[in-house]
Number of protein chains: 2
Amino acid sequence: MDKKKRVTSYDVAKAAGVSQSAVSRVFLKGRSVSKKTREKVLTTANELGYKPNAIARMLITKRSGMVAVILSSRANINYPEVLSLLNKRLAECNERVLLFNLDDSEGLDEILEQIWTFQVDGVIALAAHFDNESIEKFKDHNIPVVLYNRVVLGQTASSVCVNHEQGIFQLVTLLDKQAHKDYLVLAGPTESDVANERLECAIKALSAKGHKDVPILYGDYSYDSGKQAFHQWMKDNKAPTAVVCSNDPMAIGVIDEARRNWGLRVPEDLSVVGFDGVSAVAWHSYQLTTVKQPLELMTKAAVDILLEQIETPDNPAQLRVWSGSLIEGNTVGPANPKT
Amino acid sequence: MDKKKRVTSYDVAKAAGVSQSAVSRVFLKGRSVSKKTREKVLTTANELGYKPNAIARMLITKRSGMVAVILSSRANINYPEVLSLLNKRLAECNERVLLFNLDDSEGLDEILEQIWTFQVDGVIALAAHFDNESIEKFKDHNIPVVLYNRVVLGQTASSVCVNHEQGIFQLVTLLDKQAHKDYLVLAGPTESDVANERLECAIKALSAKGHKDVPILYGDYSYDSGKQAFHQWMKDNKAPTAVVCSNDPMAIGVIDEARRNWGLRVPEDLSVVGFDGVSAVAWHSYQLTTVKQPLELMTKAAVDILLEQIETPDNPAQLRVWSGSLIEGNTVGPANPKT
DNA sequence: TTGTAAGCGTTATCAG
DNA sequence: CTGATAACGCTTACAA
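Not measured: the values here are computed from a predicted model. (Residues numbered from 1 in each chain as written. Chains lettered and ligands numbered in written order. Predicted model: local features only at pLDDT ≥ 70, side-chain atom pairs only at ≥ 80, totals over all residues. Heavy atoms only, no water.)

Take the protein's contact with DNA strand C next. The local shell around DNA strand C holds 28 residues, among which Ser21(A), Ser32(A), Ser34(A), Ser9(B) and Ser24(B) are the closest. Take the atoms of DNA strand C that sit within 4 Å of the protein: sugar and phosphate atoms are 60% of them. Here a phosphate oxygen of DNA strand C and a backbone polar atom of Ser19(A) are 3.1 Å apart. Between a phosphate oxygen of DNA strand C and a side-chain N or O atom of Arg57(B), the distance comes to 2.9 Å. Elements with a contribution of two residues or more to the surface near DNA strand C: helix H2 (20-26) and helix H4 (54-61) of chain A together with helix H1 (9-16), helix H2 (20-26) and helix H4 (54-61) of chain B. Per element, the largest residue contribution to the surface near DNA strand C is four residues, and it comes from H4(B). Its residues assigned to classes, the surface near DNA strand C comprises 11 nonpolar, 12 polar and five charged. (Near = heavy atom within 4 Å. Polar contact = N/O pair within 3.5 Å; in protein donor to acceptor, adjacent residues only side chain to side chain. Helix = DSSP H or I, 4+ residues; strand = E, 2+ residues; numbered from the N terminus. Nonpolar A, V, L, I, M, F, W, Y, C, P; charged D, E, K, R; others polar.)

Shown next as structure tokens:
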């Protein structure tokens with residue numbers, strides 16, 4: 001009694017006195033089965049504990065019901081909601097998430113091969129290290145891809161994005177209105193496309209307001225890197241009056257460093273803005289002014305677009321861009337240079 | 001040129017002038033193939049862009065190479081590292097993560113059926129709503145389960161846990177040494193087993209130090225719920241001198257609320273401890289005293305145990321428990337009751 | 001509406 | 001070492 005063989009549609013068929021295909025039809029939507037046999041099959045299936053084997057189904061239908069989600073550890077740790085929301089939306093559409101972690105570009109080819117062998121229906125890519133060549137490979141394999149917050153130059157794949165340019169422009173405008181002149185930009189890791197885009201947007205926005213040659217510091221998106229970058233700068237330079245950070249944790253790091261080690265009050269002496277709208281920005285000790293990504297809308301759209309591409313692969317790629325919403329915290333004040 | 005049919009082992013066999021089974025053997029480890037045919041097959045496979053079809057392999061080998069990870073949104077958002085670490089470890093062992101989200105118990109049965117149809121090799125469960133009955137179902141289906149931070153009474157499934165009792169005892173001891181007498185316990189959501197266990201441990205530890213009938217507040221593990229719970233308490237009651245919180249974000253909420261709205265200094269007037277050791281506890285504005293879970297060790301063990309159960313299903317279930325490490329921040333000070 | 005039979009693309013078995 | 005051939009458990013024409 002311990003060698004429990006899996007019960008198949010044949011077993012059910014035999015027990016119910018019908019053909020195997022009848023059993024199969026009962027478990028498929030929109031197939032013509034008489035009420036009588038349906039009930040007969042359903043009850044015996046229940047007795048035997050039969051559940052259709054998804055693997056066998058995948059093999060014949062050539063649809064796996066799985067979507068590969070490629071992300072980096074950093075992406076998941078900074079935006080855990082994204083994965084949860086994607087998963088939930090996909091589950092509603094009867095697709096499961098098969099997870100792939102891509103932290104350094106070395107493993108990329110290996111991951112692509114894996115994805116290919118698993119016959120996934122589509123791919124959603126959030127990873128930083130993801131070049132255009134790889135995107136082309138998916139095209140070659142006829143497997144639809146949706147990029148999340150990743151701009152493509154050639155526009156061969158669909159993507160959903162937050163409008164970095166508009167969001168950062170809003171933040172810079174806010175600072176500019178307060179008559180700030182001494183700016184600092186704290187950028188993210190140079191390997192990240194998103195980080196580079198945010199940096200460019202910051203430079204462009206500042207430039208549009210007449211602030212050229214703003215010094216640029218680099219961090220890795222972490223709190224500590226924000227602290228450290230600001231510390232390094234302050235050791236050798238005069239304090240800025242405004243810091244434009246490429247994400248929220250770094251901005252919070254800058255705030256803590258400024259307050260703790262350099263006697264700067266925020267926002268009286270120093271204004272700081274972030275980006276993303278993570279939950280901690282609302283914490284009372286910070287109340288960071290930032291721009292929030294509409295994650296629910298973006299994830300929903302990513303799934304919708306992907307499913308559309310799965311159903312009708314010949315539809316052209318599309319790009320959808322959302323404006324972020326400004327969160328006015330308490331970290332922006334009038335310029336007040338320390339002399 | 002656009003109807004790209006997938007290339008199969010037959011195509012490669014024909015092109016290379018060998019049998020289909022020869023091709024198959026080349027792509028399997030430890031199969032005897034002559035050097036000559038191996039090379040021949042490998043090069044033509046490369047030319048044609050052949051990759052074995054994992055689905056077909058699953059069907060015949062009855063191993064899917066996939067592990068179901070069941071988690072709640074809250075779990076992923078509070079402990080995003082756990083999923084990343086699990087995924088990385090599993091990938092090293094050639095297992096992929098198939099994700100299942102379980103937020104309310106209503107969908108449980110549905111998810112279990114899905115998991116069953118996907119023929120996953122094993123399950124790692126981090127979800128809060130996961131009763132013993134469900135665990136039994138996996139046993140019935142012969143599919144190994146490892147529970148993550150979830151105690152089982154019957155001990156029919158393996159599990160890895162942080163030692164809540166020991167960790168909380170350390171924290172309470174720290175407070176007791178500072179002569180605190182007026183305690184408050186801030187517990188997590190009552191639906192969560194982990195939350196309930198932490199609450200029990202707190203009561204037990206306080207009781208062991210002679211502090212009986214400590215008032216208990218409830219939150220949902222979020223920053224806001226910590227703020228709010230403390231606010232409610234303070235409206236009608238005298239300030240405690242020490243708050244034992246069931247996780248870090250709630251503790252940080254308590255700190256902010258105490259400082260902002262009740263003029264309490266931390267740690268001079270109020271001591272606060274948390275649990276988990278999330279990254280924000282190190283932020284300078286808080287520097288929370290807490291206990292950190294050894295996530296790397298725990299996730300590694302979860303995977304190791306699961307794989308062992310997959311290889312040798314008759315091995316008995318095992319429980320592994322780790323002590324958390326005390327992080328002494330700056331939120332515990334001598335008792336100093338405000339009169 | 002039902003049953004028969006032909007796949008889907010592998011791996012496993014067993015002669016040669 | 002190699003090549004037939006039989007599974008694996010399902011879906012899907014096709015014929016009845």
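Moving on from the model shown.
It is worth spelling out H4(B) at this point. An α-helix turns once per 3.6 residues; consequently, residues spaced three or four apart project the same way. Residues and elements named next belong to chain B. Among the residues of H4, Ala54, Ile55 and Met58 are the ones counted as buried. Each buried residue of H4 lies within a common arc of 100° when the element is viewed along its axis, so the set occupies one face. The opening residue of H4, the one whose side-chain oxygen lies 2.7 Å from the backbone nitrogen of Ile55, is Asn53. Of the residues one or two after H4, Lys62 is the one with positive phi, at around 60°. (Buried < 20%, exposed > 50% of the residue type's maximum accessible area, 1.4 Å probe, protein only. Arc of directions from axis to C-beta.)

Right, let's get into the relation of the copies chain B and chain A. When chain B is brought onto chain A, the operation consists of a screw motion whose angular component is 180° and whose axial shift is 0.0 Å, with 0.1 Å RMSD remaining. The transformation just described matches what one would write down for a two-fold rotation axis. Of the C-alpha atoms belonging to chain B, the one lying closest to the rotation axis is found on Leu98(B), 2.4 Å away. Comparing interface residues between copies, 98% of those in chain B also sit at the interface in chain A, which points to an isologous, same-surface contact. (Least-squares fit on C-alpha atoms with pLDDT ≥ 70 in both. Contact = heavy atoms within 4.5 Å.)

The subject of this paragraph is the pairing of strand E5 (residues 158-162) of chain A. All names here are of chain A. Most of E5 sits inside the fold, with five of its five residues counted as buried. Neither face of E5 is exposed, since Ser158, Val160 and Val162 on one face and Ser159 and Cys161 on the opposite face are all buried. Looking at chain direction, strand E4 (residues 145-148) and E5 are connected through three bridges and run parallel. By the bridge assignment, Tyr148 is partnered in E5 with Val160. (Pairing = 2+ DSSP bridges.)

The next point concerns the sheet that holds strand E4 (residues 145-148) of chain B. As summarised here, the arrangement of the 12 strands in space is E11(A)-E5(A)-E4(A)-E3(A)-E1(A)-E2(A)-E2(B)-E1(B)-E3(B)-E4(B)-E5(B)-E11(B), forming an open sheet in which the pairing is mixed. The open sheet has two edge strands with one neighbour each: strand E11 (319-322) of chain A together with strand E11 (319-322) of chain B. Adjacent strand axes in the sheet meet at a mean angle of 20°, parallel and antiparallel pairs treated alike. Pairing geometry for strand E5 (residues 158-162) of chain B and E11(B), over four bridges, is parallel. Its bridge partner being in E11(B), Val160(B) is matched across the sheet by Arg320(B). Relative to strand E2 (residues 96-101) of chain B, helix H6 (residues 80-92) of chain A is tilted by about 75°, and along the sheet it contacts strand E1 (66-71), strand E2 (96-101), strand E3 (122-125) and E4 of chain A together with E2 of chain B. (Axes fitted to C-alpha atoms, helices over the stretch in contact; angles between N-to-C directions.)

A word on the packing of H6(A) against helix H13 (residues 295-311) of chain A. Residues and elements named next belong to chain A. Taken N-terminus to C-terminus, the directions of H6 and H13 make an angle of 45°; their axes are 9 Å apart at the nearest point. With respect to H13, the axis of H6 lies oblique. Remark: the crossing between H6 and H13 carries right-handed chirality. Residues Glu81, Val82, Leu85, Leu86, Arg89 and Leu90 of H6 form the contact with H13, whose participating residues are Leu295, Glu296, Thr299, Lys300, Ala302, Val303 and Asp304. Considered class by class, the residues forming the contact of H6 with H13 number seven nonpolar, one polar and five charged. (Parallel < 35°, antiparallel > 145°, perpendicular 65-115°, else oblique. Left-handed = near helix turned anticlockwise from the far one by under 90°.)

In the UniProt entry, the feature "domain: HTH lacI-type" (unreviewed entry) is given for residues 7-61 of chain A. Helix makes up 67% of residues 7-61 of chain A and strand makes up 0%, while its end C-alpha atoms are separated by 21 Å. (UniProt positions renumbered as here; feature names shortened; annotations may be inferred.)

The next subject is the sheet that holds strand E8 (residues 242-245) of chain A. Strands pair in a sheet through their backbones, by hydrogen bonds, and they do so in one of two ways: parallel or antiparallel. Residues and elements named next belong to chain A. The four strands are arranged E7-E6-E8-E9 in an open sheet whose pairing can be described as parallel. Two strands close off the open sheet at either side, each with one partner strand: strand E7 (216-218) and strand E9 (271-273). Each strand axis lies, on average, 20° off the axis of its neighbour in the sheet, ignoring direction. Judged from the three bridges that link them, E8 and E9 form a sheet pairing that is parallel. Opposite Val243, over in E9, you have Val272 as the bridge partner.

Moving on: the side chain of Arg96(B). With respect to the helices and strands, the residue Arg96(B) is situated in strand E2. Buried within the structure, Arg96(B) lacks any salt-bridge partner; Glu110(A) is the closest side chain of opposite charge, at an N-O distance of 6.9 Å. At 3.4 Å, the side chain of Arg96(B) and the backbone oxygen of Leu99(A) are in polar contact. With residues up to four places along the chain from it excluded, the contact list for Arg96(B) reads Leu98(A), Leu99(A), Phe100(A), Gln114(A), Phe118(A), Gly65(B), Met66(B), Val67(B), Asn87(B) and Ala91(B). (Lys, Arg positive; Asp, Glu negative; His and termini not counted. Salt bridge = Lys/Arg side-chain N within 4 Å of Asp/Glu carboxyl O.)

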